[in-house]
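# Summary of the model geometry
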Amino acid sequence: EKRLQPGGNALAAWEALVAEARSCTRCDLYKCGTQTVFGEGPLDARLLFVGEQPGDQEDLAGRPFVGPAGGVFDKALADAGVDRAATYVTNAVKHFKFERRGKRRIHSKPDGPEITACRWWLEQELALIRPPITVALGATAARSLFGKAVTISATRGKPHALEAGETWVTVHPSFLLRVRDNREEEYARFVEDLHAIGERAK
Ligand code: URA
(Lines give C-alpha, C1' and ligand atoms only; values in the text may rest on other atoms or scores of the structure.)
Protein backbone atom coordinates (compact mmCIF):
# COMPACT_ATOMS: atom_id res chain seq x y z
CA GLU A 1 0.00 0.00 0.00
CA LYS A 2 1.09 3.51 -0.68
CA ARG A 3 2.49 5.31 2.35
CA LEU A 4 3.14 8.99 2.54
CA GLN A 5 6.67 9.86 3.43
CA PRO A 6 6.90 12.54 6.10
CA GLY A 7 8.85 15.60 5.09
CA GLY A 8 9.00 16.89 1.53
CA ASN A 9 6.13 19.08 0.51
CA ALA A 10 3.69 18.25 3.28
CA LEU A 11 0.98 20.62 2.11
CA ALA A 12 0.96 19.22 -1.42
CA ALA A 13 0.87 15.70 0.00
CA TRP A 14 -2.01 16.61 2.31
CA GLU A 15 -3.95 18.25 -0.52
CA ALA A 16 -3.45 15.16 -2.67
CA LEU A 17 -4.73 13.06 0.21
CA VAL A 18 -7.85 15.20 0.60
CA ALA A 19 -8.51 14.99 -3.13
CA GLU A 20 -8.09 11.22 -3.09
CA ALA A 21 -10.34 10.83 -0.05
CA ARG A 22 -13.19 12.56 -1.88
CA SER A 23 -13.72 9.45 -3.99
CA CYS A 24 -12.97 6.88 -1.30
CA THR A 25 -14.86 3.59 -1.58
CA ARG A 26 -12.94 1.64 1.10
CA CYS A 27 -16.25 1.00 2.85
CA ASP A 28 -19.90 1.50 1.91
CA LEU A 29 -20.37 4.69 3.88
CA TYR A 30 -19.51 6.80 0.82
CA LYS A 31 -23.02 5.90 -0.37
CA CYS A 32 -24.52 7.37 2.77
CA GLY A 33 -23.20 10.86 3.41
CA THR A 34 -23.02 13.99 1.28
CA GLN A 35 -19.23 14.14 1.16
CA THR A 36 -16.01 12.99 2.75
CA VAL A 37 -15.22 15.14 5.76
CA PHE A 38 -11.46 15.20 6.02
CA GLY A 39 -9.39 16.55 8.91
CA GLU A 40 -8.28 20.18 8.99
CA GLY A 41 -5.74 22.34 10.72
CA PRO A 42 -2.09 23.33 10.46
CA LEU A 43 0.17 20.50 9.36
CA ASP A 44 2.70 21.45 12.04
CA ALA A 45 0.09 21.14 14.80
CA ARG A 46 1.41 19.82 18.11
CA LEU A 47 -1.99 18.41 19.01
CA LEU A 48 -4.11 16.18 16.79
CA PHE A 49 -7.67 15.45 17.91
CA VAL A 50 -9.61 12.46 16.62
CA GLY A 51 -13.41 12.42 16.88
CA GLU A 52 -15.80 9.65 15.84
CA GLN A 53 -17.38 10.63 12.54
CA PRO A 54 -18.97 13.74 11.04
CA GLY A 55 -22.49 14.52 12.19
CA ASP A 56 -25.37 16.01 10.23
CA GLN A 57 -23.94 19.53 10.08
CA GLU A 58 -20.37 18.40 9.41
CA ASP A 59 -21.65 16.26 6.52
CA LEU A 60 -23.26 19.31 4.95
CA ALA A 61 -20.42 21.74 5.70
CA GLY A 62 -17.62 19.32 4.82
CA ARG A 63 -15.75 20.28 8.00
CA PRO A 64 -15.23 18.43 11.29
CA PHE A 65 -16.81 19.53 14.57
CA VAL A 66 -18.90 22.45 13.37
CA GLY A 67 -22.27 21.25 14.78
CA PRO A 68 -23.52 20.93 18.38
CA ALA A 69 -20.64 18.66 19.50
CA GLY A 70 -18.27 21.15 17.86
CA GLY A 71 -19.83 23.92 19.94
CA VAL A 72 -19.06 22.03 23.16
CA PHE A 73 -15.57 21.22 21.88
CA ASP A 74 -14.87 24.88 21.02
CA LYS A 75 -16.08 26.09 24.41
CA ALA A 76 -14.12 23.45 26.32
CA LEU A 77 -10.92 24.19 24.37
CA ALA A 78 -11.33 27.91 25.08
CA ASP A 79 -11.96 27.19 28.79
CA ALA A 80 -8.85 24.98 28.79
CA GLY A 81 -6.71 27.67 27.15
CA VAL A 82 -6.11 25.63 24.01
CA ASP A 83 -6.24 27.43 20.66
CA ARG A 84 -8.25 25.23 18.30
CA ALA A 85 -6.77 27.02 15.28
CA ALA A 86 -3.34 25.67 16.25
CA THR A 87 -4.59 22.07 16.40
CA TYR A 88 -5.44 19.52 13.73
CA VAL A 89 -8.94 18.08 14.09
CA THR A 90 -10.11 14.95 12.32
CA ASN A 91 -12.35 11.91 12.73
CA ALA A 92 -11.82 8.15 12.92
CA VAL A 93 -14.46 7.72 10.21
CA LYS A 94 -14.79 10.34 7.50
CA HIS A 95 -18.33 9.79 6.29
CA PHE A 96 -21.58 10.48 8.15
CA LYS A 97 -23.44 7.27 9.01
CA PHE A 98 -27.09 7.80 9.80
CA GLU A 99 -30.61 6.47 9.77
CA ARG A 100 -33.45 8.50 8.35
CA ARG A 101 -36.33 9.31 10.65
CA GLY A 102 -38.69 11.47 8.71
CA LYS A 103 -36.75 14.56 7.76
CA ARG A 104 -34.12 13.98 10.40
CA ARG A 105 -30.90 12.09 9.92
CA ILE A 106 -30.01 10.30 13.13
CA HIS A 107 -26.36 9.46 13.73
CA SER A 108 -25.54 5.76 13.99
CA LYS A 109 -22.26 4.38 15.30
CA PRO A 110 -19.65 3.21 12.82
CA ASP A 111 -18.89 -0.50 13.17
CA GLY A 112 -15.53 -2.27 13.44
CA PRO A 113 -14.98 -2.85 9.70
CA GLU A 114 -15.87 0.78 8.93
CA ILE A 115 -13.43 2.02 11.57
CA THR A 116 -10.74 -0.31 10.23
CA ALA A 117 -11.35 0.71 6.61
CA CYS A 118 -11.12 4.42 7.45
CA ARG A 119 -8.12 3.97 9.69
CA TRP A 120 -5.94 4.07 6.56
CA TRP A 121 -6.75 7.77 6.13
CA LEU A 122 -6.08 8.53 9.76
CA GLU A 123 -2.72 6.79 9.47
CA GLN A 124 -1.87 8.99 6.47
CA GLU A 125 -2.78 12.11 8.45
CA LEU A 126 -0.68 10.96 11.41
CA ALA A 127 2.28 10.10 9.17
CA LEU A 128 2.14 13.51 7.53
CA ILE A 129 1.58 15.64 10.63
CA ARG A 130 3.45 13.52 13.16
CA PRO A 131 1.91 15.38 16.10
CA PRO A 132 3.75 15.10 19.42
CA ILE A 133 0.38 14.34 21.01
CA THR A 134 -2.71 12.64 19.60
CA VAL A 135 -6.01 12.77 21.49
CA ALA A 136 -8.88 10.32 21.11
CA LEU A 137 -12.23 11.96 21.77
CA GLY A 138 -14.37 9.03 22.83
CA ALA A 139 -14.36 5.27 22.38
CA THR A 140 -14.53 5.09 18.57
CA ALA A 141 -11.43 7.24 18.15
CA ALA A 142 -9.67 5.26 20.89
CA ARG A 143 -10.61 2.00 19.18
CA SER A 144 -9.12 3.24 15.92
CA LEU A 145 -5.89 4.47 17.52
CA PHE A 146 -5.37 1.50 19.84
CA GLY A 147 -6.40 -0.98 17.14
CA LYS A 148 -8.77 -2.64 19.57
CA ALA A 149 -11.78 -1.76 21.69
CA VAL A 150 -10.78 0.00 24.94
CA THR A 151 -12.82 1.72 27.62
CA ILE A 152 -12.57 5.42 28.36
CA SER A 153 -12.39 4.73 32.11
CA ALA A 154 -9.33 2.46 31.76
CA THR A 155 -7.42 4.73 29.35
CA ARG A 156 -8.32 8.27 30.41
CA GLY A 157 -5.93 10.65 32.15
CA LYS A 158 -2.57 9.16 31.21
CA PRO A 159 -0.31 9.00 28.17
CA HIS A 160 -0.20 5.84 26.05
CA ALA A 161 2.76 5.00 23.84
CA LEU A 162 1.16 3.88 20.59
CA GLU A 163 2.40 3.55 17.04
CA ALA A 164 1.02 7.04 16.44
CA GLY A 165 3.16 8.34 19.32
CA GLU A 166 1.97 9.72 22.64
CA THR A 167 -1.78 9.30 22.78
CA TRP A 168 -4.37 10.49 25.30
CA VAL A 169 -7.99 9.52 25.67
CA THR A 170 -10.86 11.63 26.91
CA VAL A 171 -14.62 11.70 26.44
CA HIS A 172 -16.38 12.72 23.25
CA PRO A 173 -17.91 16.20 23.44
CA SER A 174 -21.33 14.81 22.49
CA PHE A 175 -21.23 12.72 25.68
CA LEU A 176 -21.51 16.06 27.49
CA LEU A 177 -24.65 16.90 25.52
CA ARG A 178 -26.24 13.55 26.43
CA VAL A 179 -25.18 13.00 30.03
CA ARG A 180 -27.90 13.66 32.61
CA ASP A 181 -26.13 13.34 35.95
CA ASN A 182 -23.28 15.61 37.01
CA ARG A 183 -23.11 17.36 33.68
CA GLU A 184 -21.15 20.29 35.10
CA GLU A 185 -18.64 18.01 36.80
CA GLU A 186 -18.24 15.98 33.61
CA TYR A 187 -17.70 19.15 31.60
CA ALA A 188 -15.14 20.41 34.13
CA ARG A 189 -13.31 17.09 33.93
CA PHE A 190 -13.21 17.32 30.14
CA VAL A 191 -11.77 20.85 30.38
CA GLU A 192 -9.20 19.60 32.91
CA ASP A 193 -8.17 16.83 30.53
CA LEU A 194 -7.81 19.29 27.65
CA HIS A 195 -5.83 21.70 29.81
CA ALA A 196 -3.40 19.00 30.98
CA ILE A 197 -2.96 17.74 27.41
CA GLY A 198 -2.48 21.29 26.13
CA GLU A 199 0.25 21.94 28.71
CA ARG A 200 1.95 18.69 27.75
CA ALA A 201 1.96 19.68 24.08
CA LYS A 202 3.73 22.99 24.75
N1 URA B 1 -18.82 14.25 16.18
C2 URA B 1 -17.62 13.79 15.78
O3 URA B 1 -17.12 12.81 16.28
N4 URA B 1 -17.00 14.45 14.83
C5 URA B 1 -17.48 15.51 14.24
O6 URA B 1 -16.83 16.03 13.37
C7 URA B 1 -18.73 15.99 14.68
C8 URA B 1 -19.39 15.34 15.64
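Quick note: structure is the one above.
Let me sum up the structure you'll find in this document. It should be emphasised that the depicted structure is a prediction, and the values quoted were computed from it without experimental measurement. (Residues numbered from 1 in each chain as written. Predicted model: local features only at pLDDT ≥ 70, side-chain atom pairs only at ≥ 80, totals over all residues.)

Strand order in the open sheet formed by 5 strands is β2-β1-β5-β7-β6, and the pairing between neighbours is mixed. At either margin of the open sheet sits one strand with a lone partner, and together these are β2 (88–91) and β6 (160–162). Averaged over all neighbouring strand pairs, the angle between strand axes comes to 30°, with direction disregarded. In this sheet, strand β5 (residues 133–137) lies alongside strand β1 (residues 47–51) in parallel orientation, the contact comprising 4 bridges. Across the sheet, the residue bridging to Val50 is Ala136, located in β5. Sheet strands touched by helix α5 (residues 139–146): β1, β5, β6 and β7 (165–170). Its angle to β5, the strand with the most contacts, is close to 135°. (Pairing = 2+ DSSP bridges. Helix = DSSP H or I, 4+ residues; strand = E, 2+ residues; numbered from the N terminus. Axes fitted to C-alpha atoms, helices over the stretch in contact; angles between N-to-C directions. Contact = placed C-beta atoms within 7 Å.)

Quick look at helix α4 (residues 112–129) now. Between its terminal C-alpha atoms α4 stretches 25 Å, which fits the 26 Å expected from 18 residues at 1.5 Å a residue. Along α4, the sharpest change in direction is near 35° and occurs at Arg119. Glu114, Ile115, Cys118, Trp121, Leu122, Gln124, Glu125, Leu126, Leu128 and Ile129 are the residues of α4 that are buried. At its buried positions, α4 is contacted by α1 (10–21), β1, β2, β5 and α5. One or two steps after α4, the chain reaches Arg130, where phi turns positive at roughly 45°. (Expected span 1.5 Å × (residues − 1). Bend = angle between axes of the 7 residues up to and from the residue. Buried ≥ 20, exposed ≤ 12 C-beta atoms within 10 Å, placed from the backbone.)

Sheet topology places β5 next to β7; 5 bridges connect them, and they run parallel. Counterpart to Leu137 in the pairing with β7 is Thr170. Looking at chain direction, β6 and β7 are connected through 3 bridges and run antiparallel. Following the sheet pairing, Ala161 is matched in β7 by Glu166. Hairpin connection of β6 to β7: 2 residues between the antiparallel strands.

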